[in-house]
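Fold and contact review
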Amino acid sequence: NALRTILQYRITESLRTKESATYTPSVGVQKSNYPSPRYGFTISFTCDPLKAKALTAEVRSVLAQLAQQGPTDDELGKFVAESRASIAKMSGTTDYWHSILFASLQNGYDLNEVNSVEKYIGMLSKDRIKNAAGELLTKKPFMDFYLLPK
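In this text, all values refer to a predicted model and were calculated from it rather than measured experimentally.

Let's talk about helix 6 (residues 126-137)
For helix 6, with 12 residues, the first-to-last C-alpha span of 16 Å sits near the 16 Å given by 1.5 Å per residue. In this fold, the buried residues of helix 6 make contact with helix 1 (2-18), strand 2 (38-44), helix 2 (52-69) and helix 3 (73-90).

Focus: the nonpolar core
Of all hydrophobic cores here, the largest spans 23 residues; its most connected members are Leu3, Leu7, Ile11, Leu66, Ile129, Ala133 and Leu137. Those elements giving two or more residues to this core turn out to be helix 1, helix 2, helix 3 and helix 6. Looking at this core, the element that brings in the most residues is helix 1, giving 7 residues. When near neighbours in sequence (up to four residues on either side) are disregarded, Leu7 contacts Val27, Phe41, Ile43, Val62, Leu63, Leu66 and Leu137.

Describing the side chain of Ser14
Summarising the element assignment, Ser14 is placed in helix 1. You can call Ser14 buried: its relative accessible area is 5%. Setting aside residues up to four positions removed in sequence, Ser14 forms contacts with Glu19, Glu58 and Val62.

The rules we used
- Residues numbered from 1 in each chain as written.
- Predicted model: local features only at pLDDT ≥ 70, side-chain atom pairs only at ≥ 80, totals over all residues.
- Heavy atoms only, no water.
- Helix = DSSP H or I, 4+ residues; strand = E, 2+ residues; numbered from the N terminus.
- Expected span 1.5 Å × (residues − 1).
- Contact = heavy atoms within 4.5 Å.
- Core = buried A, V, L, I, M, F, W, Y, C linked by side-chain atoms within 4.5 Å.
- Buried < 20%, exposed > 50% of the residue type's maximum accessible area, 1.4 Å probe, protein only.

These figures come from the coordinates and say nothing about function on their own.
Okay, structure coming up:
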């Protein structure tokens, strides 16, 4: 989730603020443990069809930069603060605990660890995120899909 969120920050900054090319880029991650562990990232945005390939190249540049340099102190701090605030707000709801318990049971996680989210947030570091970015964002095949007007 940290990698996805930091990637969202960067792609939004690059495509919306720097390039002024799209308003709402979106970054999603899909994780599956069965039949074997695997990850997938989806990055989507709407734009002028004439800018699509250039913006795709910009996204690839953002991926490479994150894999090479890792997140900034500000990006990691922002993610940690937002995560802690979200957990504090959501941990009082039944839906939160339902999703935590369901994911733990579905993935075979130790149920004694369900209250350890803060521990895992505290274990985040710029190097861990950089290593994850290098492993997950640069070594997988990329597929580009364009939905263009007729």
